Amino acid sequence: MTRGETRSVPAATARAAAPWMTGPRRAGARLVRLYATSRRIPAAVAAIAACALGLRLALIGHWDSYGALQLPLVFETAAATAITVTVASPFGVPERVTGRWLPYLRTAATLMLTAAAIGALAAAGTGAHLAGGTLDVLRNLAGVTGIGLLCAATINSGLAWIGPAAYLMPGAYALYTQWHHPALTTPWLWPARPPHDLGAAICAGLVFAAGVAVIAARGARDPVGEQA
Amino acid sequence: MTATSAPARSAPVTSRPGLSTARLLRLELRHNAMLWMMPVAVALFWVTAGRKIMATPPLWSLRAANMRLSAVLAFASPVAGAAAWMGLRESRRRTIDLVNITARPRPARLFATWAATTCWALVAYLACVGVVYGVTAQQATWGGPLWWPAVAAGAALPALTALGFAAGTLVPSRFTAPLVALAAFFVLALSTQLINGSQSYWQVSPIVAWPWELGPDPGVGTFYAYLPDLPIAQVMFLAGLTVAVLGALALPTGAGARSVRRSAVAVTAAGLLAAGTAVALAGTGRLNAHGMIAIPALHDAASDRPLRYTPVCGHTAIPVCLNPAYASYLPATEAALTPVLGQIAGLPGAPARISQAAATYRQEPGNSVGIGLTGPATSGSPPVFRMILPAQLPGPATTASEQASQVRSTIGPSIVASVTGDGPGASRAQHAVTTALLMDARVVPRHLLAPGTPVARNSAPGSALAGGRYVAPPPGSPVFAAAKRFAALPASVRRAWLTRHLAALRAGHIRLGQLP
């Protein structure tokens, strides 16, 4: 049996094992549903919604300048972490060697969750004073998500939150230094840059693109013998 | 040796619980996520705090307070997240059933994991404290390490690990660790928004190292001893919280024998009681006159006595003496005041010494604080002019040249005014002479800071400058013209006139037209 022949076996088996499937569309929908369930994407969506709700409730309160600036960053980081958590696979190597749609599913899931998080947080800030506005949310969330994805691919999918959580501290500190000089102005600390700053947007975009690409190509680094 | 003798040899080892606990702890120490999180926590501390702390003046109070705030914030996320990750371990590795049948009760296993996590967190924290305090010890000119701020920040780590560990154990989910890590930062960093005035329950937060509305204050803890009242309440709160959370871990059914659970209930209740008491105590705190939070139930009156020190004095015409903690400021202060002191040295009523004094703090409505001197600026015999250095006051760090400029423009005019008797209600002649002396000393007398306002100032109620704001006379005014004329006199003539007429000038008996 050649390698090409072995590839055709699971497909035939799948058709035989699931006679109720009537076509590729239904199979595709089932694949997406199973992927979403295995990655806890519904829970991640709920977490993102909770972040948006939390941000909305927090914006009702009265904050001083530091608090008003740092508040959105905390919720953006929380939403980015929720996205990062979904890249962990409960199946590990067996899934990698059999799932040829995995790169597309990973990319689509990450992009959709990121878009959902940006939309939810931006909507939460509507009608309230959201420091930095929607552009800030877009840049910060994308960048921090990229950090989380890179951590998931290099460290451990379960510990991928370390990157966003660790980045939050220098990010908040960089915002603080806008008042207490010397200010940190490097574009790699994009939360402290103005929303229209091109350098910061490029840095955040690069990190996000790199994160999505690495996750799509390699997937997260899943520890052996641990439940994701 | 027979086969039956073999178990007999191992029996004494297993019957020593201390040894087996130590072995379990050693195993946990070797397989703990916090070990790998230590570099992250230390790096966060140095990125966000190291540069900032080392850039501040080498004053123990200032560096200890900054170190405490930064350390707690930098360690919060990594420590709480790592603890939650360790709490998740049995669920993550699907070994709950496996370890539940071991001889050791569940609380003992959990405590060993928590203790190992806490140990590594404390090791990383102590390394940071050691470096900050070590460098400060080499740079500081006076005083010693303040241990209470370090202890209060250190007490936050077991509490953070306990909370994170409990969350990971009780809510095993892939979202738990990141949620705990971010929640720890959020709660600690933004809870201070709720502090309003010195009597706030939220001061029990471990990042509050000083009256929150005041900010890092270099003047605190140098003239009077650092008050441990608030740190004691904070340590009490954090210890109570830690004990309560750890006790709660042993509460669920199946956690152990009934006696263990009863003990857990008692421990949890005691922890909650201690934490609640600490919160209540923190709410009774008030800003004392020395810029620290005093809690009546914890306050030791002996702490209110001023610290003894031998001032360091310069060699100007009128010696400038500073607290030895501020010795590094002496050259710049001397250089800034030399022109002014040269104008008044030897005149009747001129101060014999310029001495740095402690600032007095007063809580004002809302979150504002008034800072100033208590009593008149000049007192004693021979007269001593008391001053507050700008470096003593809270605010952003300034360079040596900025400090010198502030000293020249704020303290310089105050010293001259104390000799001429200038201030609110003074005559135009007094105002003109003050302006003339400042002109000759090349000091721009923009204003003398006014008391009674919620800002830092160098005068006091009842002093010559009380209740008013000294503004240089506008060019073209009679006072300005008289000042210019007086300043243009040869120094010897001016000095001779002042020697003869200064008493009359101070009494307000000299009119503007009588000035030479």
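Residues numbered from 1 in each chain as written. Chains lettered and ligands numbered in written order. Predicted model: local features only at pLDDT ≥ 70, side-chain atom pairs only at ≥ 80, totals over all residues.

## Some points on the overall build of chain B
Across its full length, chain B holds 16 helices and eleven strands. Within the span of chain B, comprising 516 residues, buried residues form 50% of the whole. Looking at chain B alone, contacts between residues at least 24 apart form 76% of all its contacts between residues at least 6 apart. (Helix = DSSP H or I, 4+ residues; strand = E, 2+ residues; numbered from the N terminus. Buried ≥ 20, exposed ≤ 12 C-beta atoms within 10 Å, placed from the backbone. Contact = placed C-beta atoms within 7 Å.)

## Observations regarding the overall build of chain A
Of the regular secondary structure elements, chain A holds nine helices and zero strands. Listing each helix as α and each strand as β along chain A from the N terminus yields α-α-α-α-α-α-α-α-α. Here chain A, with 228 residues, has 44% of them falling under the buried criterion. Within chain A, contacts between residues separated by at least 24 positions form 76% of all contacts whose residues are at least 6 apart in sequence.

## Focus on helix H11 (residues 258-283) of chain B
Between its first and last C-alpha, H11(B) extends 38 Å over 26 residues, near the 38 Å set by a 1.5 Å rise per residue. Along H11(B), the residues that are buried comprise B:Ala264, B:Gly271, B:Ala275, B:Ala278, B:Leu281 and B:Ala282. (Expected span 1.5 Å × (residues − 1).)

## Comments concerning the environment of B:Gly240
Residues and elements named next belong to chain B. With respect to the secondary-structure elements, Gly240 resides in helix H10 (residues 229-249). The class for Gly240 is buried, based on 21 C-beta atoms found within 10 Å. In sequence terms Gly240 and Leu272 are 32 residues apart; their C-alpha atoms lie 5.9 Å from each other. For Gly240, the contacting residues outside a window of four places in its chain are Gly271, Leu272, Ala274, Ala275 and Ala278.

## Description of the pairing of strand S5 (residues 353-356) of chain B
Residues and elements named next belong to chain B. Side chains of S5 alternate between two faces, with Ile354 and Gln356 buried and Arg353 and Ser355 left unburied. Relative to S5, strand S4 (residues 320-322) runs parallel, the two sharing two bridges. Residue pairing for S5: Val320 is matched across the bridge by Ile354. Once the chain exits S4 it traverses helix H12 (residues 330-344) before rejoining the sheet at S5, and the crossover so formed is left-handed. Sheet analysis places S5 next to strand S9 (residues 384-387), joined by four bridges and oriented parallel. Of the residues in S9, the one forming a bridge with Ser355 is Arg386. (Pairing = 2+ DSSP bridges. Right-handed = clockwise from strand over helix to strand, strands pointing away.)

## Focus: the interface of chain A and chain B
Taken together, the 31 residues of chain A in the interface contact 25 residues of chain B. Elements with a contribution of two residues or more to the side of chain A that touches chain B: helix H3 (41-60), helix H4 (65-85) and helix H8 (162-176) of chain A. The element contributing the most residues to the side of chain A that touches chain B is H4(A), with nine residues.

## Quick notes on the domain arrangement of chain B
All names here are of chain B. Per the domain assignment, the segments making up chain B are domain 1 (16-304) and domain 2 (312-514). Counting from both sides, the interface comprises 25 residues of domain 1 and, opposite them, 18 residues of domain 2. Split by residue class, the side of domain 1 that touches domain 2 holds twelve nonpolar, eleven polar and two charged. (Domains from an automatic or database assignment. Nonpolar A, V, L, I, M, F, W, Y, C, P; charged D, E, K, R; others polar.)

## Some remarks on the packing of H8(A) against helix H4 (residues 60-87) of chain B
Here H8(A) crosses H4(B) at 165°, and the two axes come no closer than 9 Å. Relative to H4(B), H8(A) is oriented roughly antiparallel. Once H8(A) is placed against H4(B), the crossing between them reads as right-handed. Taking contact as the criterion, the partners of A:Ile162, A:Ala165, A:Ala166, A:Leu168 and A:Met169 in H8(A) are, on H4(B), B:Leu73, B:Ala74, B:Ser77, B:Pro78 and B:Gly81. (Axes fitted to C-alpha atoms, helices over the stretch in contact; angles between N-to-C directions. Parallel < 35°, antiparallel > 145°, perpendicular 65-115°, else oblique. Left-handed = near helix turned anticlockwise from the far one by under 90°.)

## As for the pairing of S9(B)
All names here are of chain B. Across two bridges, the pairing between strand S8 (residues 378-379) and S9 is antiparallel. Bridging from a neighbouring strand, Ser379 pairs with Val384 of S9. Here S8 folds back onto S9 in antiparallel fashion, the turn holding four residues, of which Gly380 has a positive phi close to 90°.

## Focus: the nonpolar core
Most often, soluble globular proteins keep nonpolar side chains buried together rather than apart. In this structure, A:Ala79, A:Leu121, B:Ala41 and B:Val79 are the most contacted members of the largest nonpolar core, which totals 225 residues. The leading source of residues in this core is H4(B), at 19 residues. Two domains share this core, each providing at least three of its residues, namely domain 1 (16-304) and domain 2 (312-514) of chain B. Among all residues touching A:Ala79, those that are not within four sequence positions of it are A:Ile48, A:Cys51, A:Ala117, A:Leu121 and A:Leu141. (Core = buried A, V, L, I, M, F, W, Y, C linked by C-beta atoms within 7 Å.)

## Quick word on the environment of B:Ala294
Residues and elements named next belong to chain B. Inspection of the secondary structure puts Ala294 in strand S2 (residues 293-294). Judged by local crowding, Ala294 falls into the buried class, with 21 C-beta atoms found within 10 Å. Separated by 58 residues in the primary sequence, Ala294 and Ala352 have C-alpha atoms spaced 36 Å apart. Other than its neighbours up to four places away in sequence, Ala294 contacts Leu227, Asp229, Gly285, Arg286, Asn288 and His299.

## Some details on the confidence of the model for chain B
All names here are of chain B. Confidence in the prediction of chain B, expressed as mean pLDDT, is 85, and 90% of residues score 70 or more. Of all secondary-structure elements in chain B, the lowest mean pLDDT belongs to strand S10 (residues 447-448), at 42, while helix H8 (residues 147-170) reaches the highest, 96. Counting interchain partners and residues more than four positions distant, the pLDDT-below-50 stretch residues 1-13 has one contact. A low-confidence stretch, residues 446-469 stays under pLDDT 50, and its non-local contacts, those more than four residues away or across chains, total 70 contacts. For this predicted complex, the interface score ipTM comes out at 0.84, alongside a pTM of 0.84. (pLDDT = per-residue confidence, 0-100.)

## Side note on the sheet that holds S8(B)
Across a sheet, paired strands are connected by hydrogen bonds in the backbone, their directions being either parallel or antiparallel. Residues and elements named next belong to chain B. Read from one edge to the other, the open sheet built from five strands follows the order S3-S4-S5-S9-S8, with strand pairing classed as mixed. For this open sheet the edge positions go to strand S3 (312-313) and S8, each flanked by a neighbour on one side alone. Against the sheet, H12 engages S3, S4 and S5, with an angle of about 150° to S4.

## Some thoughts on unusual backbone geometry
Cis rather than trans, the peptide bond between B:Ser381 and B:Pro382 has omega equal to 0°. Here B:Pro382 shows up in the loop between S8 and S9. Even without being glycine, A:Arg40 reaches a positive phi, approximately 55°. Topologically, A:Arg40 is positioned in the loop between helix H2 (24-38) and H3. Its 20 C-beta neighbours within 10 Å are what place A:Arg40 among the buried residues. Residues other than glycine seldom take positive phi values, yet B:Arg94 does so here, at roughly 55°. By secondary structure assignment, the location of B:Arg94 is in the loop between helix H5 (89-92) and helix H6 (96-100).

## Topic: the packing of H4(A) against helix H6 (residues 102-124) of chain A
A pair of packed helices is characterised by two quantities: the angle between their axes and the separation of those axes. Residues and elements named next belong to chain A. Viewed as axis vectors pointing N to C, H4 and H6 meet at an angle of 155°, and their least axial separation amounts to 10 Å. Taken together, the axes of H4 and H6 are roughly antiparallel relative to one another. Both H4 and H6 take part in a crossing whose hand is right-handed. Judged by residue contacts, Phe75, Glu76, Ala79 and Ile83 of H4 engage Thr110, Leu113, Thr114, Ala117 and Leu121 from H6.

## Side note on the confidence of the model for chain A
In this model, chain A carries an average pLDDT of 85, and 88% of its residues clear a pLDDT of 70 or more. Across residues 1-18 of chain A, where pLDDT falls below 50, the model places two contacts with residues more than four positions away in sequence or in other chains.

## Considerations on the environment of B:Ala76
Residue and element names in this part refer to chain B. Residue placement: Ala76 occurs in helix H4. Each C-alpha atom, one on Ala76 and one on Leu337, is 46 Å from the other, the two residues being 261 residues apart in sequence. Non-local contacts of Ala76, meaning those with residues more than four positions away in its chain, are made with Leu160, Ala184, Phe185 and Leu188.

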